[in-house]
2 protein chains.
Amino acid sequence: MSLVIVGTVAFDAIETPFGKTDKIVGGAATFAGFSASYLYDNVKLVSVIGEDFVDNINVITSRGINVEGVEMVKGAKSFFWSGKYHNDMNSRDTLVTELNVLADFDPKIPSSYQDCEYLLLGNLTPQIQLDTLNRLEKQPKLVVLDTMNFWMDVALDDLKKVLKRVDVLTINDSEARQLSGEYSLVKAAKKILAMGPKYLIIKKGEHGALLFGEDQIFSAPALPLAEVFDPTGAGDTFAGGFIGYLAKVKTVNFNNMKNAIIYGSAMASFCVEKFGTERLQNLTNEEISTRLQQFVSLAKFDI
Amino acid sequence: MSLVIVGTVAFDAIETPFGKTDKIVGGAATFAGFSASYLYDNVKLVSVIGEDFVDNINVITSRGINVEGVEMVKGAKSFFWSGKYHNDMNSRDTLVTELNVLADFDPKIPSSYQDCEYLLLGNLTPQIQLDTLNRLEKQPKLVVLDTMNFWMDVALDDLKKVLKRVDVLTINDSEARQLSGEYSLVKAAKKILAMGPKYLIIKKGEHGALLFGEDQIFSAPALPLAEVFDPTGAGDTFAGGFIGYLAKVKTVNFNNMKNAIIYGSAMASFCVEKFGTERLQNLTNEEISTRLQQFVSLAKFDI
């Protein structure tokens, strides 16, 4: 049994008010994989890289992550994104997007991945997400889908097809409003759950997240931070921690999903402390449990 | 021992996407007083009204609220505000502001109010807030101050004077950023607590509230609502519920303040269900405890 994550493995160059980087290891599947690897020990990635990434792949495998499903295209370059964050760290400008190998990404599912029980479909074209589902011989126990406003703009029909086949959708509040046409997040959730997913997570950045499903609502806090050093990958890190926790506890229900959101939020709170995946590469179990306790103190009251 | 609330008692005329009202009973002290009256039985108002309010004062006294400190100015008109909410209910246009009796408001503290142990200084000029404090013979056990960006713009020096004399400040997130000059709410809180208050509550509307103090942080959820019928008075209702709960439990500490925020939020969630103070006039204890339990389910997780 395994947890499979489909998404980008890429290079990022990031500029924030605190500094700037050259090309560093990034990509949604990388962030999510790192995050999940602290909670579950059988994490497998599906992605595509260029020859320029070969020297960096050991950063990922050193966390025990299986990269058999990460196709390497000879003589080609990896997906590259460069962005600059504004002073409030809540908005950013994209400086460069080079699709490179991502332009022709056709996800390969190695036979050793057919034991997939937990599947995270990272933010990619809905068609790639559908292809992945079709190439798995057995429907996983839990499918979590991440997407974004761009696919709502250019590939809504495909997105609606994939929504019918997933268990959990994670989007942010403005995306939930766009997808549903409703301003109230309660009404938005009702409409989106009618599109297929059994659970909806609405991410609200510094305001935490809401989980809807089983006719219940859970409101998760975000850890108030004095400084967000680099928010790149925080959403992917959240998703990886979320599904990693569920893979670890093996039972999918609303109560476990509440904890999964707290674990995902805790992992994301580490992610933003340094550039890129740096902080996620060497966490200790003690650091993680201390952080989880901070969430407990933050949210607990006795009524 | 009593809970004294200083603020406006006024008329409002409100337009929302759901409908519009003629002049109805409003004012910060009215909302806060109603809210507190469900939690504590010795609530006293300090305010000023015109002769036009005389027929409405029984709406307030019928909740057992003492209005001896509400001065009535013969031949004059009460403060009147009229506003129109936009479709998202998060922004509004002020259509009319008639100060009327509020222009010369000079708070009178009846001798029967000198037993004040809990004091809520509603959003008024910092000078009136200072005058009130100076007219109390004994410093209350707990002083809660509400203010707004307007006073930061036009009366910052006075505001800073009153901040040195209060225990709790309640403002919203953009006001916290304005007052501190910091974007990060953690940094903002640190600066604001250095200005005098022992505790700071940052209200974030549909995203809940943060409490800072005693080197701790509490993140309170807001109840996700399908519809906000009329947000007028929600902040005042929150403040009234907050201080009402603390007056009831008699002990001021961080843990009790956490519960007080949940009580305040629960009362505010009723407030927005109907126009003005309508929903706050006839709540049952059962409705309130059911609502509190919704907050418990919303926020609870077991890690």
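Procedures and definitions
- Residues numbered from 1 in each chain as written.
- Chains lettered and ligands numbered in written order.
- Predicted model: local features only at pLDDT ≥ 70, side-chain atom pairs only at ≥ 80, totals over all residues.
- Heavy atoms only, no water.
- Helix = DSSP H or I, 4+ residues; strand = E, 2+ residues; numbered from the N terminus.
- Rg over C-alpha atoms; globule rule 2.2 N^0.38 Å.
- Buried < 20%, exposed > 50% of the residue type's maximum accessible area, 1.4 Å probe, protein only.
- Least-squares fit on C-alpha atoms with pLDDT ≥ 70 in both.
- Phe/Tyr/Trp six-rings, centres within 6.5 Å; stacked < 30°, edge-to-face > 60°.
- Lys NZ or Arg CZ within 6 Å of the ring centre and 35° of its normal.
- Pairing = 2+ DSSP bridges.
- Axes fitted to C-alpha atoms, helices over the stretch in contact; angles between N-to-C directions.
- Contact = heavy atoms within 4.5 Å.
- Expected span 1.5 Å × (residues − 1).
- Buried area = accessible area lost by both parts, 1.4 Å probe.
- Salt bridge = Lys/Arg side-chain N within 4 Å of Asp/Glu carboxyl O.
- Lys, Arg positive; Asp, Glu negative; His and termini not counted.
- Polar contact = N/O pair within 3.5 Å; in protein donor to acceptor, adjacent residues only side chain to side chain.

> Quick question: what am I supposed to make of the overall build of chain A here?
In terms of helices and strands, chain A carries 10 helices and 14 strands. Relative to the compact-globule value of 19 Å for 303 residues, chain A shows a C-alpha radius of gyration of 18 Å, a close match. Seen through its principal axes, chain A has C-alpha atoms that stretch 60 × 45 × 35 Å. Split into buried and exposed, the 303 residues of chain A put 59% on the buried side.

> Explanation requested: the relation of the copies chain B and chain A in the structure shown.
Two copies of a chain can be linked by a rotation about an axis combined with a shift along that same axis. Laying chain B over chain A is done by rotating through 180 degrees and shifting 0.0 Å along the axis; what remains is an RMSD of 0.0 Å. On this basis, the relationship between the two copies can be described by a two-fold rotation axis. Closest approach to the rotation axis among the C-alpha atoms of chain B is made by B:His207, whose C-alpha sits 3.0 Å away.

> Mind showing me how you'd approach the packing of aromatic side chains here?
A ring pair, where both rings are aromatic, is described by two values, the distance of the centres and the angle of the planes. According to the stated counting rule, one finds 14 aromatic pairs over all chains in the structure shown. Their ring planes at 15 degrees and their centres at 6.4 Å tell us that A:Phe238 and A:Phe242 sit as a pair that is stacked. Of this pair, A:Phe238 and A:Phe242 both sit in helix H8 (residues 234–249), separated by four residues, roughly a single helical turn. Of the two residues, A:Phe238 and A:Phe242, both sit in the buried class. Considering the side-chain rings of A:Phe301 and B:Phe218, the 6.1 Å spacing of their centres and the 80 degrees angle between planes classify their relative orientation as edge-to-face. On the criterion of chain membership, the pair formed by A:Phe301 in the segment after helix H10 (285–299) and B:Phe218 in strand S14 (residues 216–220) is interchain, its members lying in two chains. Among the aromatic residues, ring-to-ring pairing joins A:Phe18, A:Phe229 and A:Phe275 into one connected group. Over the face of the ring belonging to A:Tyr183 we find A:Arg177, whose NZ or CZ atom lies 3.9 Å from the ring centre.

> What's the story with the sheet that holds strand S1 (residues 2–6) of chain B in this structure? I'm lost.
Across a sheet, strands are paired by hydrogen bonds formed along the backbone, either parallel or antiparallel in direction. Residues and elements named next belong to chain B. The nine strands lie next to each other as S6-S5-S1-S9-S10-S11-S12-S13-S14, forming an open sheet whose pairing is mixed. Every interior strand has two partners, whereas the edge strands, strand S6 (66–73) and S14, have only one. Going across the sheet, the axis of each strand differs from the next one's by a mean of 15 degrees, ignoring polarity. Across three bridges, strand S10 (residues 142–146) lies against strand S11 (residues 168–172) in parallel orientation. Looking at the pairing, Leu145 lines up with Leu169 of S11. Those strands touched by helix H3 (residues 126–135) are S1, strand S9 (116–121) and S10, and its axis lies near 175 degrees from that of S9.

> Which parts of the structure should I look at to understand helix H8 (residues 234–249) of chain B?
Side chains of residues three or four places apart in an α-helix project in the same direction, reflecting 3.6 residues per turn. All names here are of chain B. When the terminal C-alpha atoms of H8 are compared, their 23 Å separation across 16 residues agrees well with the 22 Å that a helix rising 1.5 Å per residue should span. Of all the 16 residues making up H8, 13 are buried; the element is thus mostly covered by neighbouring parts of the structure. Residue Lys250 follows H8 closely and has a positive phi angle near 70 degrees.

> What am I meant to see in the interface of chain B and chain A here?
Where interface size is given, it is often the accessible area lost as the parts come together that is meant. Each partner contributes residues to the interface: chain B has 36 residues there, and chain A has 36 residues. Roughly 3000 Å² is buried in total at the junction of chain B and chain A, and carbon and sulfur atoms are behind 59% of that figure. Sorting the residues of chain B by area buried against chain A places B:His207, B:Phe301 and B:Ile303 first, and these three jointly supply 22% of that buried surface. Counting the contacts that link chain B with chain A gives four salt bridges. With a shortest N-O distance of 2.9 Å, A:Glu227 and B:Lys187 are connected by a salt bridge. Looking at the side of chain B that touches chain A, the elements that each hand over two or more residues are helix H6 (173–180), helix H7 (185–193), S14, helix H9 (254–271) and helix H10 (285–299) of chain B.

> Is there a simple way to think about the side chain of B:Lys204 in this case?
The topology assignment puts B:Lys204 in the loop between strand S12 (199–203) and strand S13 (209–213). Of the side chains with opposite charge, A:Glu206 comes closest to the buried, unpaired B:Lys204, at an N-O distance of 5.6 Å. Within the structure, the side chain of B:Lys204 is placed 3.1 Å from the side chain of A:His207, a separation counted as a polar contact. Discounting chain neighbours no more than four positions away, the residues touching B:Lys204 are A:Glu206, A:His207, B:Asp173, B:Leu185, B:Ala209 and B:Leu210.

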